[in-house]
Amino acid sequence: MANNNHYIYHIMIDRFAGCDLKREGRCFKGGNLQGIMKKLDYIQSLGCNGILLTPFYKTNEYHGYHILDYEQVDEHFGTWEDVRQLIAAVHRRGMTITADFVANHCHINNPLVNAYTDWFKKKRDGAPKFFYGIEYLPEFDLDNAEAKDYMIAR
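The text that follows walks through the structure, step by step, so that each part is easy to find. (Residues numbered from 1 in each chain as written. Predicted model: local features only at pLDDT ≥ 70, side-chain atom pairs only at ≥ 80, totals over all residues. Heavy atoms only, no water.)

A few points about the overall build of the protein
The number of helices and strands found in the protein is six helices and five strands. Starting at the N terminus, the α and β elements of the protein follow one another as β-α-α-α-β-β-β-α-β-α-α. Overall, the C-alpha framework of the protein stretches about 60 × 45 × 25 Å when taken along its three principal axes. Counting over 154 residues, the protein shows a buried share of 38%. Considering only contacts in the protein between residues 6 or more positions apart, those separated by 24 or more positions represent 57%. As presented, the protein carries roughly 9,000 Å² of accessible surface, and 51% of it is formed by carbon and sulfur atoms. (Helix = DSSP H or I, 4+ residues; strand = E, 2+ residues; numbered from the N terminus. Buried < 20%, exposed > 50% of the residue type's maximum accessible area, 1.4 Å probe, protein only. Contact = heavy atoms within 4.5 Å. Areas by Shrake-Rupley, 256 points an atom, 1.4 Å probe, with all protein chains shown as cover.)

Printed below as a string of structure tokens:
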């Protein structure tokens, strides 16, 4: 009988392969998409048949969840070509790949914040609403059709 179980290996890109954990602080440590490609055999040897990546878009933080630009891959992680190569390498092995995507907030320095102010939630007093009250993570208003369409297109 075939094994229909799906085992997913969750990868924080910056902390996985190619990184230097001796670097101080909350800075980028150097893990990248190329490093993940080099470890796919290892991941499969653990019995995993899928990977889940933290966000790879241009970000303000090593973990990838404070998006500065939804159109660019963060240079710390690689390039769009690296993304394409990783997808192909994963699929050649019969594995799945999923990338986490942040659609409910972005970093305050994302150009969308100033260009599309109506795409973001406001408090009753008109002040910006922030994700978990973190004052550099404005929340998208996905009831706004343009904001929702933008996120779906990503």
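Comments concerning the packing of aromatic side chains
In total, this model carries 14 aromatic pairs according to the counting rule given. Relative to Phe 101, the ring of Tyr 70 lies with its centre 5.6 Å away and its plane at 50°, an arrangement referred to as tilted. Of this pair, Tyr 70 sits in strand E4 (residues 67-73) while Phe 101 sits in the loop between strand E5 (96-99) and helix H5 (111-115), and the two are 31 residues apart along the sequence. Accessibility expressed as a relative area gives 28% for Phe 101, which makes it partly exposed. Consider the rings of Phe 131 and Tyr 132, whose centres lie 4.7 Å apart with planes at 75°: the pair is edge-to-face. Overall, Phe 131 belongs to the partly exposed group, its relative accessible area being 22%. Since its relative accessible area comes to 72%, Tyr 132 is described here as exposed. (Phe/Tyr/Trp six-rings, centres within 6.5 Å; stacked < 30°, edge-to-face > 60°.)

Structural notes on unusual backbone geometry
Of note, the phi angle at Tyr 132 is positive, near 50°, even though the residue is not glycine. Positionally, Tyr 132 belongs in the loop between H5 and helix H6 (145-153).

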